[in-house]
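Below are the chains, spelled out letter by letter.
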Amino acid sequence: MDKILPLLRANARTSVTDLAKSANLTEAEVIARIAKLEADGVVLGYHTVVDPKKVSKEQVSAVIEVKLTPEREGGFDKTAERISRFPEVQSCYLMSGGYDLLVVVEGTTLHEVAGFVSEKLSTLKGVISTATHFRLKTYKENGIELNKEAGPQRLAVAP
Amino acid sequence: MTLSKHIANHIRDIPRSGIRDFFEIVQSMKDVISLGIGEPDFHTPWRIREAAIYSLERGHTGYTSNLGLPRLRECITEYVAKHFAVQYDPKTEVIVTVGVSEAIDLALRALLNPGDEVLYHEPCYVSYSPSVVMAHGIPIAVPTHAADNFRMTAEELARHITPKSKVLMMNFPCNPTGATQTREELEKIAKLCVEHDLVVLTDEIYSELTYDGASHFSIAALPGMRERCVFLHGFSKAFAMTGFRIGYACAPAPLTEAMMKVHQYAILCANTMAQDAAIEALESGENDVQMMRKEYEARRNFIVRSLNDMGLPCFKPHGAFYVFPEIRSTGMTSREFSLGLLEQKQVACVPGPAFGPSGEGHIRCSYATSLDKIKIAMERMAEFVAENRRK
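This structure is a prediction, so every number in the text was calculated from the model and none was measured.

Asker: What is the right way to read the overall build of chain B from this model?
Answerer: The helix and strand tally for chain B stands at 13 helices and twelve strands. Taking 391 residues into account, the globule formula puts the C-alpha radius of gyration at 21 Å, and chain B, at 21 Å, falls close to it. For chain B, the C-alpha atoms occupy an extent of roughly 60 × 55 × 50 Å along the three principal directions. Taking the contacts inside chain B whose residues are at least 6 apart along the sequence as the reference set, 75% of them involve residues at least 24 apart.

Asker: What exactly am I supposed to notice about the overall build of chain A here?
Answerer: Along its length, chain A carries six helices and six strands. Beginning at the N terminus, the succession of helices and strands in chain A can be written as α-α-α-α-β-α-β-β-α-β-β-β. For 159 residues, the compact-globule estimate of 2.2 N^0.38 gives 15 Å, and the C-alpha radius of gyration of chain A, at 21 Å, exceeds that figure by more than 25%. In terms of overall dimensions, chain A has a C-alpha envelope of 60 × 40 × 30 Å along the principal axes. Expressed as a percentage of the 159 residues in chain A, the buried residues total 14%. Look at the contacts in chain A between residues 6 or more apart in sequence, and 54% of them connect residues 24 or more apart.

Asker: Teacher, can you tell me more about the domain arrangement of chain B here?
Answerer: When the parts of a complex come together, some accessible area is lost, and that lost area is often taken as the interface size. Residue and element names in this part refer to chain B. As far as domains go, chain B holds domain 1 (3-44 + 287-388) and domain 2 (46-285). Between domain 1 and domain 2, the C-alpha centre-to-centre distance is 24 Å. Facing the 34 residues of domain 1 at the interface are 37 residues of domain 2. Elements supplying a minimum of two residues to the side of domain 1 that touches domain 2: α11 (286-309) and β9 (322-323). No other element matches the seven residues that α11 contributes to the side of domain 1 that touches domain 2.

Asker: Looking at this structure, how should I read the sheet that holds strand β6 (residues 199-203) of chain B?
Answerer: The strands that make up a sheet are held in pairs by hydrogen bonds between backbone atoms, and each pair lies either parallel or antiparallel. Residue and element names in this part refer to chain B. Judged by pairing direction, the sheet is mixed, and its seven strands sit side by side in the order β2-β8-β7-β6-β5-β3-β4 without closing on themselves. One side of each edge strand has no neighbouring strand; the edge strands of this open sheet are β2 (94-97) and β4 (138-143). Ignoring which end each strand starts from, the neighbouring axes of this sheet average 20° apart. Looking at chain direction, strand β7 (residues 229-234) and strand β8 (residues 247-250) are connected through four bridges and run antiparallel. Bridge pairing in β8 places Gly-234 opposite Gly-247. Lying on the sheet, helix α4 (residues 70-84) is in contact with β2, β7 and β8; it crosses β2 at an angle near 110°. Across the sheet, helix α5 (residues 99-111) lies against β2, β3 (117-122), β5 (165-170), β6, β7 and β8, angled at about 35° from β8, the strand it touches most.

Asker: Explain the confidence of the model for chain B here, please?
Answerer: Close reading of the predicted structure is inappropriate where its pLDDT is low. Chain-level pLDDT for chain B is 95 on average; 99% of the residues reach the 70-or-more range. Taken over the whole predicted complex, pTM reads 0.87, whereas the ipTM for its chain interfaces reads 0.73.

Asker: Even after reading the chapter, I still don't get the packing of α11(B) against helix α13 (residues 371-388) of chain B, so can you show me in this structure?
Answerer: Each pair of packed helices can be described by the angle between their axes along with the distance between the axes. Residues and elements named next belong to chain B. Where α11 meets α13, the axes come as close as 11 Å, and the angle between the chain directions of the two elements is 5°. Put simply, α11 runs roughly parallel to α13. Counting all contacts with α11, which are made through Ala-298, Arg-299, Phe-302, Ile-303 and Ser-306, the residues of α13 involved are Leu-371, Ile-374 and Met-378. Tallied by class, the residues present in the contact of α11 with α13 amount to six nonpolar, one polar and one charged.

Asker: Would you take a moment to explain the sheet that holds strand β4 (residues 127-134) of chain A for this structure?
Answerer: Residues and elements named next belong to chain A. Read from one edge of the open sheet, four strands run β2-β3-β1-β4, paired in antiparallel fashion. The outermost strands of the open sheet, each flanked by one partner alone, are β2 (89-94) and β4. With strand direction ignored, the average angle separating the axes of adjacent strands in the sheet is 20°. Here seven bridges tie strand β1 (residues 60-68) to strand β3 (residues 101-107), and the two strands are oriented antiparallel to one another.

Asker: Explain the interface of chain A and chain B here, please?
Answerer: Taken residue by residue, the interface counts 16 residues in chain A and 24 residues in chain B. Looking at the side of chain A that touches chain B, the elements with two or more residues in it are α1 (4-10) and α2 (16-23) of chain A. Per-element tally for the side of chain A that touches chain B: the top contributor is α2(A), with four residues. Looking at the side of chain A that touches chain B, its residues break down into nine nonpolar, three polar and four charged.

Asker: Could you clarify how one ought to interpret the nonpolar core in this entry?
Answerer: Across soluble globular proteins, you tend to see nonpolar side chains buried next to one another. Within the largest apolar cluster, 132 residues are counted, with the highest numbers of intra-cluster contacts made by Ala107(B), Val200(B), Ile219(B), Val230(B) and Ala249(B). Ignoring sequence-local partners within four residues, the contact set of Ile219(B) consists of Met170(B), Leu186(B), Ile189(B), Ala190(B), Val200(B), Thr202(B), Met225(B) and Cys229(B).

Asker: Where do I start with unusual backbone geometry in this structure?
Answerer: Trans is the common state for peptide bonds, and a negative phi is the common state for residues other than glycine. Residues and elements named next belong to chain B. Cis geometry marks the peptide bond from Glu-122 to Pro-123; its omega dihedral reads 5°. Position of Pro-123 among the secondary structure elements: in the loop between β3 and α6 (128-134). Despite not being glycine, Arg-245 has its phi angle at roughly 55°, a positive value. Residue classification places Arg-245 among the partly exposed residues on the basis of 18 C-beta atoms within 10 Å.

Cut-offs and rules
Residues numbered from 1 in each chain as written. Chains lettered and ligands numbered in written order. Predicted model: local features only at pLDDT ≥ 70, side-chain atom pairs only at ≥ 80, totals over all residues. Helix = DSSP H or I, 4+ residues; strand = E, 2+ residues; numbered from the N terminus. Rg over C-alpha atoms; globule rule 2.2 N^0.38 Å. Contact = placed C-beta atoms within 7 Å. Buried ≥ 20, exposed ≤ 12 C-beta atoms within 10 Å, placed from the backbone. Domains from an automatic or database assignment. Pairing = 2+ DSSP bridges. Axes fitted to C-alpha atoms, helices over the stretch in contact; angles between N-to-C directions. pLDDT = per-residue confidence, 0-100. Parallel < 35°, antiparallel > 145°, perpendicular 65-115°, else oblique. Nonpolar A, V, L, I, M, F, W, Y, C, P; charged D, E, K, R; others polar. Core = buried A, V, L, I, M, F, W, Y, C linked by C-beta atoms within 7 Å.

Set out below in structure tokens:
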């Protein structure tokens, strides 16, 4: 794994200068490595992790368990890709266990999300059933705890 | 009554710690970024803290065996065998202590007769010389040099051996220099120890924190050395468990038995909940250690390059979480530099002589602080150097 990657995953906004110092590379090497990671599709994008509650009260998020009938050729892939193309869908995973797809959907109102499920998702060919769970409160988002503990208490100087 | 004349001579003569002086100045100031902290800035991994809570819930609040919980001793011997390639018997050759500091004290008290000489490399951890004095031994510092990247050389060691030499204390990776030893140098040192019949106390508390793919090697793993080594290790640094106060000593049974005598009457046993937490650390904490190690490595790269860029020569240490740059080019002493930096730029580091006189001309900067803070500290230090460099 490229040593730039963990640094970028920890903070995608780290400057090229600082990345170079931390990874012990030149700035030109850092730029070239990032370009390669992007070109190879290792880095898929850079996002901002936000506390949804603080952005807008009008945001609703739900996870939907979807059961599918697999197709003769392609299994679950075709239907899953079709579902993934809806812009309302933030994430879509094939799961082991009691259902097939886990779909994360975001919308501005409960109605909007419910409408998406009843009109778009559940009417798709191959979808057997859906079960929608709305998110009530966020404790951790993408590895970041919302109520982060304060740093450890340490003496100002210690041997 | 003048109590001061009742204080034992050998305790009265121990100088006050240079770190403590400095700590009091730093504490009286606001908004200081401290690079003076010798403990991890990570929380103890949650699974380990959770194990300590569970220990309390289950009511594990009694004494343990003097040597420590049997399960913990088994975990320790498995861990030492796996990572250091030295085999110990968990029943008779391991003792769980209140940090490595206690283990050092036990070993010295178990080994020294008044007047015995103890060799140790310098700069070194602040407790080494006082611990020897408290055990009625005579501390003999073996200087290490920036030119050798602060490795202890067998040649320098040989120059300090006398017929009274009994013990050699070593701490690699080293606090405060970050120095590590090569296997070749350790072999030469081991040969001297056999020739002069020295017991080696090897304090390997930073051994998990090595970088650049350098793998740690213990002197205890060299042929013929296990029988004359006390292997000292603990949980504070690798597992970020400083406040749990858990360390251990592994040594051949007769020596462990002697250390146990001191331990059982002075301490009885290490804290029970902390021992339960230590079991969890050894059973499932290795991923957490790797995560922290990677973070330290990135910070080390950053701080070493920043220091060299500002004209403070600093070798790139392969271990621990300290750098020990040379500040002589500024024309200041270590103490002048550290005080000036603190007063003018609110950045704290520790003057090199706090770790022994041969630390003069250097300062210790710990990178056990977030990269964000290190960045600001390095900017301020560069300003300080530019503004104060004597013409």
